[in-house]
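Residue strings, one per chain:
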Amino acid sequence: MNRIALTAILLLSLFSSLAWADTKPRPMIMELFRSQIDAIASESYEQFMDHADANFRQSISQDQFGALSESLSPRLVDGYQSEYLGALNQDGFNVHLWKMTLASSDSDNLVKMAMRENEIAGFWIQ
């Protein structure tokens, strides 16, 4: 009977720790997410690249960013809601996921921010 109780306690402990894993990002991660969204809303390429690693900086030109921010900025300025979904470890990157709903839309967007060594290595809005 003690063995069953011990097994039940261990399983409960495991499942409760899994349920709470990655439900809140570290404050730095949330700040970076907000900074990226604010950069798109204000059409600030410099702010968008402020915490980017070298590869990310080289992969997005100012013109590419301009096209993205031009289409999203008006909708972001109207407001949005975001919900942190968790993080994945993929090929040496910590990829953080958010559900984002724009006030001007009924559709949800998936936002992914890839991090490596406290720098942004990728940022996608799908």
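Cut-offs and rules
- Residues numbered from 1 in each chain as written.
- Predicted model: local features only at pLDDT ≥ 70, side-chain atom pairs only at ≥ 80, totals over all residues.
- Heavy atoms only, no water.
- Phe/Tyr/Trp six-rings, centres within 6.5 Å; stacked < 30°, edge-to-face > 60°.
- Helix = DSSP H or I, 4+ residues; strand = E, 2+ residues; numbered from the N terminus.
- Buried < 20%, exposed > 50% of the residue type's maximum accessible area, 1.4 Å probe, protein only.
- Lys NZ or Arg CZ within 6 Å of the ring centre and 35° of its normal.
- Salt bridge = Lys/Arg side-chain N within 4 Å of Asp/Glu carboxyl O.
- Pairing = 2+ DSSP bridges.
- Axes fitted to C-alpha atoms, helices over the stretch in contact; angles between N-to-C directions.

A. How the structure looks around the packing of aromatic side chains. Evaluated as defined, the whole model comprises 6 aromatic pairs. Pairing Phe33 with Trp98 gives two aromatic rings, centres 4.1 Å apart and planes at 15°, and the pair type is stacked. Placement of the pair is Phe33 in helix 2 (residues 27–41) and Trp98 in strand 2 (residues 93–102), with a sequence separation of 65 residues. Taken individually, Phe33 and Trp98 each receive the classification buried, so the pair is uniform in this respect. Here a set of aromatic residues connected by ring pairs shows up, and it is made of Tyr45, Phe48, Phe56, Phe65 and Phe123. Geometry around Trp124 places Lys112 over its ring, the cationic atom sitting 5.9 Å from the centre.

B. Summary view of the pattern of salt bridges. According to the stated counting rule, one finds 1 salt bridge in the structure shown. Across the pair Lys99 and Asp108 runs a salt bridge whose closest N-O atoms are separated by 3.9 Å. Overall, the relative accessible area of 32% leaves Lys99 in the partly exposed class. According to the relative accessible area criterion, Asp108 is partly exposed, its value standing at 45%.

C. Layout of the sheet that holds strand 4 (residues 119–125). If you walk across this open sheet you meet the 4 strands as 1-2-3-4, and the pairing is antiparallel. Two strands bound the open sheet, and with one partner strand each, they are strand 1 (80–90) and strand 4. For this sheet, the mean angle separating the axes of adjacent strands, direction not counted, is 20°.

D. Just the pairing of strand 3 (residues 108–116), in detail. Of the strand pairs in this sheet, strand 2 and strand 3 are connected by 8 bridges, and their pairing is antiparallel. Counterpart to Lys99 in the pairing with strand 3 is Leu110. Two successive antiparallel strands, strand 2 and strand 3, enclose a turn made up of 5 residues. Relative to strand 4, strand 3 is paired through 6 bridges, and the arrangement is antiparallel.

E. Quick peek at the pairing of strand 2. Sheet analysis places strand 1 next to strand 2, joined by 10 bridges and oriented antiparallel. Across the sheet, the residue bridging to Gly86 is Leu97, located in strand 2. Connecting strand 1 to the antiparallel partner strand 2 that follows it, the hairpin turn spans 2 residues, and Asp91 within it adopts a positive phi of roughly 50°.

F. Representation of unusual backbone geometry within the structure. Positive phi values are uncommon outside glycine, yet Glu43 reaches one of about 55°. Take Glu43: it is sitting in the loop between helix 2 and helix 3 (45–49). One non-glycine residue with positive phi stands out, namely Asp91, at about 50°. Note on placement: Asp91 falls in the loop between strand 1 and strand 2.

Any functional reading would require information beyond the geometric quantities listed.
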